[in-house]
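The lines below spell out each chain.
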2 protein chains.
Amino acid sequence: GAQGIGLCRTEHMFFEADRISAVREMIVAKNVEERTKALAKLLPMQREDFIGLYKEMKGYAVTIRYLDPPLHEFVPTEKADIVALAKEMGLTYETLQKTIDELHETNPMLGHRGVRLSVTYPEIAKMQTQAVIEAAIAVNKEGMSVVPEIMIPLVGDIKELQYVKAVVVETADAIIKAAGVDLKYYVGTMIEIPRAALLADDIAKEAEFFSFGTNDLTQMTFGFSRDDAGKFLADYYGKKIFANDPFAHIDQQGVGKLMKMAVELGRQTRPDIKLGICGEHGGDPISVEFCHNIGLSYVSCSPFRVPIARLAAAHANIKNPRK
Amino acid sequence: GAQGIGLCRTEHMFFEADRISAVREMIVAKNVEERTKALAKLLPMQREDFIGLYKEMKGYAVTIRYLDPPLHEFVPTEKADIVALAKEMGLTYETLQKTIDELHETNPMLGHRGVRLSVTYPEIAKMQTQAVIEAAIAVNKEGMSVVPEIMIPLVGDIKELQYVKAVVVETADAIIKAAGVDLKYYVGTMIEIPRAALLADDIAKEAEFFSFGTNDLTQMTFGFSRDDAGKFLADYYGKKIFANDPFAHIDQQGVGKLMKMAVELGRQTRPDIKLGICGEHGGDPISVEFCHNIGLSYVSCSPFRVPIARLAAAHANIKNPRK
């Protein structure tokens with residue numbers, strides 16, 4: 001069995017049928033007031049999600065990642081769907097189409113996503129924090145001992161994390177104080193941008209834990225996206241340029257060098273920093289062994305890969321035991 | 001005045017009116033034979049370009065960068081233009097549209113471009129080498145002493161460079177031998193992918209010079225593209241998260257750390273490796289001073305920025321003289 005949830009992607013909750021229209025209202029909102037109103041509709045639903053999750057996990061750790069994908073992923077692209085959505089939202093087709101056009105990105109992988117969304121719209125981080133903290137307080141009142149772990153994705157500079165963490169801490173502390181309870185919570189980040197790994201000593205001043213997002217880190221370190229690399233990687237294997245798919249097994253030479261740097265630098269600042277990995281590499285035995293060897297303490301992976309990951313971690317510890 | 005051309009982008013030559021149709025023939029070619037036939041039409045034109053360039057530069061160094069952009073940049077996107085092109089090429093609209101659809105990329109910045117094109121289509125590198133070497137031989141016969149510098153873009157692994165360099169060297173050496181002349185030439189690479197900087201000691205085994213492509217290196221190190229970052233960087237300045245535009249001044253903390261690593265690692269393997277920078281940072285005084293301080297020996301920039309770059313380099317050398 002697993003011992004917690006290393007990555008709860010909150011965006012999946014945003015896509016569900018009962019809330020997608022509130023999400024879309026938030027996206028087309030023209031100002032903070034409109035956006036806050038739409039977010040207020042999402043708050044009780046997201047809070048219920050977290051209450052359910054915390055109860056299900058019975059006190060095991062759950063790391064909650066804040067909204068990550070670019071907002072255009074939540075709106076339709078086909079004309080007929082846009083027409084229907086405009087009608088549903090009481091907008092003209094032209095207005096909605098214009099908003100969608102403005103959201104268009106040339107390279108969405110390198111666009112307005114992750115922590116950048118919360119920098120532009122701190123209201124989102126605020127709503128998500130409310131949902132997390134209120135859920136934890138509610139569940140703890142029933143006798144559990146949830147310690148929320150809040151994970152800010154795609155950080156590349158300490159000031160981004162400082163800005164969003166300030167929103168998180170201010171929101172969380174006010175709720176905790178008003179509730180008159182004692183609640184510990186952690187704020188950490190993903191290390192998935194090369195710059196975050198290079199400056200991990202700096203980032204660790206604010207981040208209480210690191211989780212390596214090795215999918216994105218692989219994409220940016222190699223400079224190719226998973227969506228596009230398929231086309232030319234076949235030639236790379238055929239011509240013996242690459243022996244392995246770097247999305248299947250961590251590239252220990254390049255991506256791994258950045259990870260090792262980040263582990264060392266992070267520990268310089270915060271010796272007891274919690275270090276893990278989330279993403280598909282967490283379910284790959286070779287990658288799990290590598291993570292063990294560089295000193296990570298947890299791997300997160302999809303549920304059906306848990307037995308593989310546990311076995312790999314055990315083998316890695318036999319080959320190279322931790323002190 | 002400047003002392004050479006640090007970056008001759010060959011793709012601009014591919015767009016010119018007299019050759020774009022041969023380029024498009026190459027792109028829609030269904031096999032090596034068809035592609036080679038289309039490339040044969042481009043060869044004399046590209047050779048003439050280089051002859052003109054070498055004559056103009058009177059023996060000063062010219063670094064020629066091989067084809068870099070994704071191939072879809074050379075084909076139209078509007079239906080009317082595709083219909084017209086199909087007619088011109090003697091193809092059905094459906095066939096051409098299908099080829100164009102296959103070239104579509106989700107994140108073109110992270111797609112099939114740079115060295116990846118020559119890995120898939122080594123014929124391209126072969127044609128470009130023929131053009132460079134034949135031009136140099138022709139011009140040298142008139143009494144000049146051109147030493148071609150061939151630059152392979154977007155390398156992230158030594159094996160990519162090995163593969164393409166083998167094509168270059170085989171082609172060049174055969175032409176030089178057949179001509180019965182003596183011609184020295186260099187093959188180098190751009191360091192513009194984080195992984196290339198991290199493994200620069202390895203890359204330097206094959207690369208005879210490095211030129212830092214700091215535009216791409218900035219995009220991949222920060223994980224945001226120039227085309228998309230405009231939207232959210234305004235918030236970053238407004239909220240004092242970034243003080244500077246990293247595309248205007250090199251980010252010395254993050255991107256600069258990678259550059260310093262690459263300089264040190266490259267020199268470990270090849271102590272006399274020629275090190276420079278190309279891209280817009282080469283015309284920015286603050287970035288030029290940084291490049292001087294980490295030991296680069298040349299900067300390349302757009303012609304109108306040459307006086308600024310020269311002055312900045314002179315100032316940098318007064319503040320921190322080279323031994």
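Since the structure is predicted, the reported quantities are computational estimates derived from the model, not experimental observations. (Residues numbered from 1 in each chain as written. Chains lettered and ligands numbered in written order. Predicted model: local features only at pLDDT ≥ 70, side-chain atom pairs only at ≥ 80, totals over all residues. Heavy atoms only, no water.)

Undergrad: How should I be thinking about the overall build of chain A in this particular structure?
TA: Secondary structure summary: chain A contains 15 helices and seven strands in total. Over its C-alpha atoms chain A spans a radius of gyration of 21 Å, differing by no more than 12% from the 20 Å that the globule rule assigns to 323 residues. In terms of overall dimensions, chain A has a C-alpha envelope of 60 × 55 × 35 Å along the principal axes. Counting the 323 residues in chain A, one finds 58% classified as buried. Restricting to contacts in chain A with at least 6 residues of sequence separation, those with at least 24 account for 74%. A total of about 13700 Å² of accessible surface is found on chain A, and carbon and sulfur atoms cover 54% of it. Where the 38 positive side-chain charges of chain A centre and where its 43 negative ones centre are 4 Å apart. (Helix = DSSP H or I, 4+ residues; strand = E, 2+ residues; numbered from the N terminus. Rg over C-alpha atoms; globule rule 2.2 N^0.38 Å. Buried < 20%, exposed > 50% of the residue type's maximum accessible area, 1.4 Å probe, protein only. Contact = heavy atoms within 4.5 Å. Areas by Shrake-Rupley, 256 points an atom, 1.4 Å probe, with all protein chains shown as cover. Lys, Arg positive; Asp, Glu negative; His and termini not counted. Charge placed at Lys NZ, Arg CZ, Asp CG, Glu CD.)

Undergrad: Can you help me understand the pairing of strand β6 (residues 274–278) of chain A in this one?
TA: All names here are of chain A. Burial within β6 is extensive, with four of its five residues counted as buried. Bridging between strand β5 (residues 209–213) and β6 involves five bridges; their strand directions are parallel. Residue pairing for β6: Gly-213 is matched across the bridge by Cys-278. Examined bridge by bridge, β6 and strand β7 (residues 298–299) share two bridges and lie parallel to one another. Looking at β7, one finds that Ile-277 is bridged to Val-299. (Pairing = 2+ DSSP bridges.)

Undergrad: How should the packing of aromatic side chains be read in this particular structure?
TA: The relative placement of two aromatic rings is captured by the distance of their centres and the angle of their planes. By the definition in use, this model includes 18 aromatic pairs over all chains. Taking the centre distance of 6.3 Å and the plane angle of 50 degrees together, the rings of Phe-14 of chain B and Phe-74 of chain B count as tilted. With Phe-14 of chain B in helix α1 (residues 10–14) and Phe-74 of chain B in the loop between β2 (61–65) and α4 (79–89), the pair connects residues that are 60 residues apart, well separated along the chain. Both residues of the pair, Phe-14 of chain B and Phe-74 of chain B, count as buried. Plain terms: the ring middles of Phe-224 of chain B and Phe-232 of chain B are 5.6 Å apart, the flat faces sit at 75 degrees to each other, and that makes the pair edge-to-face. We note that Phe-224 of chain B, like Phe-232 of chain B, is buried. Through a chain of ring-to-ring contacts, the aromatic side chains of Phe-222, Phe-224, Phe-232, Tyr-236, Phe-242 and Phe-247 of chain A assemble into a single cluster. The cationic tip of Lys-184 of chain B hangs over the ring face of Tyr-186 of chain B; the distance from NZ or CZ to the ring centre is 4.6 Å. Its end group placed over the ring of Tyr-298 of chain B, Lys-274 of chain B keeps NZ or CZ at 4.9 Å from the ring centre. (Phe/Tyr/Trp six-rings, centres within 6.5 Å; stacked < 30°, edge-to-face > 60°. Lys NZ or Arg CZ within 6 Å of the ring centre and 35° of its normal.)

Undergrad: What is the right way to read the side chain of Thr-99 of chain A from this model?
TA: Residue and element names in this part refer to chain A. Secondary-structure assignment places Thr-99 in helix α5 (residues 93–103). Classification of Thr-99 as buried rests on a relative accessible area of 9%. Apart from residues lying up to four places away in sequence, Thr-99 is in contact with Ile-27, Val-28 and Lys-30.

Undergrad: Honestly, the domain arrangement of chain A in this entry has me stumped. Any pointers?
TA: A common measure of how large an interface is: the accessible area buried when the components associate. Residues and elements named next belong to chain A. Each assigned domain of chain A is listed here: domain 1 (1–70 + 105–188) and domain 2 (192–323). A separation of 24 Å is found between the C-alpha centroids of domain 1 and domain 2. Tallying the contact residues gives 25 residues for domain 1 and 21 residues for domain 2. Surface buried jointly by domain 1 and domain 2 totals about 2100 Å² across both partners, of which 58% is contributed by carbon and sulfur atoms. Across the contact surface, domain 1 and domain 2 share four salt bridges. Notably, a salt bridge pairs Asp-157 with Arg-195, separated by 2.9 Å at the nearest N-O pair. Taken together, the links from domain 1 to domain 2 amount to eight residue pairs in polar contact (both at pLDDT 80 or more). Secondary structure elements with two or more residues in the side of domain 1 that touches domain 2: β1 (4–9), β3 (149–152), α8 (158–179) and β4 (186–191). At four residues, the largest contribution of residues to the side of domain 1 that touches domain 2 is made by α8. In terms of residue class, the side of domain 1 that touches domain 2 is made up of 14 nonpolar, six polar and five charged. (Domains from an automatic or database assignment. Buried area = accessible area lost by both parts, 1.4 Å probe. Salt bridge = Lys/Arg side-chain N within 4 Å of Asp/Glu carboxyl O. Polar contact = N/O pair within 3.5 Å; in protein donor to acceptor, adjacent residues only side chain to side chain. Nonpolar A, V, L, I, M, F, W, Y, C, P; charged D, E, K, R; others polar.)

Undergrad: Sorry, what's going on with the sheet that holds strand β1 (residues 4–9) of chain B here?
TA: Hydrogen bonds between backbone groups are what pair the strands of a sheet, and the pairing can be parallel or antiparallel. Residues and elements named next belong to chain B. Ordered by their spatial adjacency, seven strands build an open sheet running β1-β2-β3-β4-β5-β6-β7, and the pairing between neighbours is parallel. Strand pairing shows two members of the sheet lacking a second neighbour, β1 and β7 (298–299), which therefore form its edges. Two strands pair when backbone bridges link them, and β1 and β2 are joined in this way by four bridges, in the parallel orientation. Note that in β2 the partner of Ile-5 across the bridge is Val-62.

Undergrad: Hey, could you run me through the packing of helix α2 (residues 20–28) of chain A against helix α4 (residues 79–89) of chain A in this one?
TA: The relative placement of two packed helices comes down to the angle between their axes together with the axis-to-axis distance. Residue and element names in this part refer to chain A. Contact geometry for α2 and α4: axes closest at 11 Å, N-to-C directions at 90 degrees. By the angle between their axes, α2 is roughly perpendicular relative to α4. Between α2 and α4, the residues in contact are Ser-21, Arg-24, Glu-25 and Val-28 and Leu-85, Glu-88 and Met-89, respectively. (Axes fitted to C-alpha atoms, helices over the stretch in contact; angles between N-to-C directions. Parallel < 35°, antiparallel > 145°, perpendicular 65-115°, else oblique.)

Undergrad: Mind showing me how you'd approach the side chain of Thr-218 of chain B here?
TA: Residue and element names in this part refer to chain B. Tracing the backbone through its elements, the reader meets Thr-218 in helix α11 (residues 214–222). For Thr-218, a relative accessible area of 0% gives the class buried. Excluding residues within four positions of it along the chain, Thr-218 makes contact with Gly-223, Pro-246, Phe-247, Val-255 and His-281.

Undergrad: Quick question: what am I supposed to make of the relation of the copies chain A and chain B here?
TA: Taken together, a rotation about one axis and a shift along it account for how the two chain copies relate. Least-squares fitting of chain A to chain B yields an RMSD of 0.0 Å, with the transformation described by 0.0 Å of translation along the axis and a rotation of 180 degrees. Taken together, these values place the two copies in the relation of a two-fold axis. Judged by C-alpha distance, Asn-107 of chain A is the residue of chain A that lies nearest the rotation axis, at 2.2 Å. A shared interface surface links the copies, since 100% of the contact residues of chain A are contact residues in chain B too. (Least-squares fit on C-alpha atoms with pLDDT ≥ 70 in both.)

Undergrad: How should I be thinking about unusual backbone geometry in this particular structure?
TA: Note: most residues except glycine have negative phi, and most peptide bonds are trans. Even without glycine at this site, Lys-240 of chain A takes up a positive phi of about 60 degrees. Structurally, Lys-240 of chain A is set in the loop between α12 (226–238) and α13 (255–269). The phi dihedral of Leu-154 of chain B falls on the positive side, at around 65 degrees, and the residue is not glycine. With respect to the helices, strands and loops of the structure, Leu-154 of chain B is situated in the loop between β3 (149–152) and α8 (158–179).

Undergrad: Please explain empty space enclosed by the protein as it appears in this structure.
TA: By rolling a water-sized probe across the atoms, one finds the places where empty space is left. Taken as a whole, this structure holds one cavity of 30 Å³ or more when the rule is applied. As a volume, the largest cavity reaches approximately 30 Å³. The wall of the largest cavity is formed by Phe-222, Phe-224 and Phe-242 of chain A together with Arg-116, Leu-154, Gly-156, Asp-157, Glu-160 and Ile-193 of chain B. A class-by-class count of the residues in the lining of the largest cavity yields five nonpolar, one polar and three charged. (1 Å grid on protein atoms, 1.4 Å probe; cavity = no way out; pocket = protein on both sides within 12 Å on 5 of 7 lines; lining within 4 Å. Points joined across faces, edges and corners; volume = space filled by probe spheres on them.)

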